[in-house]
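Fold and geometry: a report
The lines below spell out each chain.
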Amino acid sequence: MTDPLLIPCPSCNGLNRIPAERLNDHPKCGRCKSEVLLNKPFELKQGDYASQIKGDLPLLVDVWADWCGPCKSFAPVFEQAAAQLAGKCRLAKLDSEANPQLSAQLGIRSIPSLILLRNGREVARQSGAFPLPQLMAWLRSQGI
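By convention here, each chain's residues receive numbers from 1 onward along its written sequence. Per-residue local features are limited, in this predicted model, to residues with pLDDT of at least 70; the limit for side-chain atom pairs, both in listing and counting, is 80 or more; totals at the level of whole chains, interfaces and linings are taken over all residues. Excluded from the side-chain calculations are hydrogens and water; all other atoms, namely the structure's heavy atoms, are used.

Looking at an unreviewed UniProt entry, one finds the chain named Thioredoxin TrxC and attributed to Pseudomonas fitomaticsae.

1. Considerations on the nonpolar core
Defined as follows: Throughout this description, the term nonpolar core refers to a set of buried Ala, Val, Leu, Ile, Met, Phe, Trp, Tyr and Cys residues connected via side-chain atoms within 4.5 Å. Only protein chains enter the calculation, and the probe is 1.4 Å; a residue is then buried if its accessible area is under 20% of its type maximum, exposed if over 50%, and partly exposed in between. The way it works is that DSSP assigns letters per residue, a run of H or I at least four long becomes a helix, a run of E at least two long becomes a strand, and they are numbered from the N terminus. Only heavy atoms enter the contact rule, under which two residues are in contact if any of them lie within 4.5 Å.
Counting residues in hydrophobic clusters, the biggest one holds 19 residues, and the most contacted among them are Leu60, Leu135 and Leu139. Only α2 (69–85), β6 (113–118) and α4 (132–141) provide two or more residues apiece to this core. Looking at this core element by element, the count peaks at six residues for α2. Those residues in contact with Leu60, other than ones at most four positions away along the chain, are Phe78, Cys89, Arg90, Leu91, Ala92, Leu114, Ile115, Leu116, Leu135, Trp138 and Leu139. Core analysis: the second largest hydrophobic core is formed by 14 residues, Phe42, Leu44, Tyr49 and Ala92 among them.

2. Topic: the pattern of salt bridges
Condition: Within this document, salt bridges are pairs made up of a side-chain nitrogen of Lys or Arg and a carboxyl oxygen of Asp or Glu, the two lying within 4 Å of each other.
Enumeration according to the criterion identifies five salt bridges in this entry. Where Asp66 meets Lys72, a salt bridge forms, and the shortest distance between an N and an O atom there is 3.8 Å. Judged by its relative accessible area of 49%, Lys72 is partly exposed.

3. Here's the deal with the side chain of Arg90
Here is the rule we go by: Any pair of nitrogen or oxygen atoms within 3.5 Å is treated as a polar contact; in protein, a donor-acceptor pairing is required on top of that, and neighbouring residues in sequence qualify only through side-chain atoms on both sides.
On the secondary structure map, Arg90 appears in strand β5 (residues 90–95). In terms of polar contacts, Arg90 uses its side chain to reach the backbone carbonyl oxygen of Gln52, at 2.5 Å.

4. A closer look at the state of the cysteines
Quick reminder of the rule: When two cysteine sulfur atoms are found within 2.5 Å, that pair is recorded as a disulfide.
Scanning the entire structure with this criterion turns up zero disulfides. Looking at Cys9, it has no disulfide partner, and the nearest cysteine sulfur is the one in Cys32, 3.6 Å off.

Shown next as structure tokens:
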């Protein structure tokens, strides 16, 4: 048996210890009983950021805005990626208009922007909307 992974709950930000072999069993949060590993992106907000970057699974953040056409066209691709990556990488959407302080803190200069975080640190960044095969290839090149 392997050491459990620390994974923040997307609903309450509580840290959960989940054995690696149970990642595909739809684990529930010990605090709020919500599902910890979603097969769709969750909404990331300023107040959640510090908690959500913790943990052992990578976090891919899509920074977007409602007025951005490429952001809207990329949204279904990001949803498909979330379904394929459940248990390997967590996916979150950050509305840059609703969270301007966090967007500035992350150095967002163009949208859509993807930020890949691992162990609380940014490890890769990509700007622009692209098709699912290209997104998955980029993530594979990052070790996901």
